[in-house]
Amino acid sequence: MTLVNDMWPMTGAMTCVNNLGQEAAMDEDKFNVSVRKFLKQLGVTSQREIERVVREGKLAKGPLKVKAVVTAAGTGLNHVVEGEIDLG
């Protein structure tokens with residue numbers, strides 16, 4: 001699906017073009033709520049797993065190097081975020 005934002009943000013709606021080339025209006029508010037719900041779940045569950053690993057002591061000294069990869073089936077999305085967590 002391809003998003004075409006020719007009318008957004010003026011109308012609060014976006015046009016989507018699916019794999020068959022068909023256009024359909026997309027509710028921007030529902031889309032944003034759905035994305036935020038996914039990201040909240042990702043953040044909360046990831047934090048729990050990181051905390052679990054730290055508590056179990058399966059770490060070497062120094063900062064904890066972390067990496068998150070977000071993909072979406074049927075798309076070319078492959079978003080990578082890397083960083084370090086200070087263990088104090």
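The rules behind these values
Residues numbered from 1 in each chain as written. Predicted model: local features only at pLDDT ≥ 70, side-chain atom pairs only at ≥ 80, totals over all residues. Heavy atoms only, no water. Helix = DSSP H or I, 4+ residues; strand = E, 2+ residues; numbered from the N terminus. Buried < 20%, exposed > 50% of the residue type's maximum accessible area, 1.4 Å probe, protein only. Areas by Shrake-Rupley, 256 points an atom, 1.4 Å probe, with all protein chains shown as cover. Patch = residues over 30% accessible without salt bridge, like charges linked within 9 Å, V, L, I, M, F, W, Y side chains within 5 Å. Salt bridge = Lys/Arg side-chain N within 4 Å of Asp/Glu carboxyl O. Pairing = 2+ DSSP bridges. Expected span 1.5 Å × (residues − 1). Polar contact = N/O pair within 3.5 Å; in protein donor to acceptor, adjacent residues only side chain to side chain. Contact = heavy atoms within 4.5 Å.

### Concerning the overall build of the protein
Counting secondary structure elements, the protein contains 1 helix and 5 strands. Reading the secondary structure of the protein in the N-to-C direction produces β-β-β-α-β-β. Residues counted as buried form 9% of the 88 residues belonging to the protein. A total accessible area of about 7,400 Å² is found for the protein, and carbon and sulfur atoms account for 56% of it.

### Structural notes on a nonpolar patch on the surface
Taken together, the side chains of F31, V35, F38 and L39 make up a nonpolar region of the molecular surface, amounting to roughly 330 Å² of accessible area. In this structure, F31 sits in helix α1 (residues 28-55).

### Points about the pairing of strand β5 (residues 78-85)
As paired elements, strand β4 (residues 64-71) and β5 share 8 bridges and run antiparallel to each other. The residue of β5 that forms the bridge with L64 is I85. Between β4 and the antiparallel strand that follows it, β5, lie 6 residues; G74 among them carries a positive phi value of about 80 degrees.

### Structural notes on the pattern of salt bridges
The full count for this structure, using the stated rule, is 2 salt bridges. Ionic pairing is found between E49 and R52, a salt bridge with its closest N-O pair at 2.8 Å. Taken together, the residues E49 and R52, both in helix α1 and 3 residues apart, mark about one turn of the helix. Its relative accessible area of 43% is what places E49 among the partly exposed residues. Classification of R52 as partly exposed rests on a relative accessible area of 30%. The partner of E56 in a salt bridge is R52, and the shortest N-O contact between them spans 3.1 Å. When salt bridges that share partners are traced, they join E49, R52 and E56 into one network.

### Some points on α1
Helical geometry note: an α-helix holds 3.6 residues per turn, so side chains three or four residues apart project in the same direction. Under the 1.5 Å per step criterion, the end-to-end length of α1 is 40 Å for 28 residues, consistent within 8% with the ideal 40 Å. You can read the cap of α1 off the contacts: a side-chain oxygen lies 2.9 Å from the backbone nitrogen of D29, and it is on D27. Just downstream of α1 lies G57, where phi reads positive at about 70 degrees.

### Thoughts on the environment of L77
You can see L77 is positioned in the loop between β4 and β5. Discounting chain neighbours no more than four positions away, the residues touching L77 are V70, T71 and A72.

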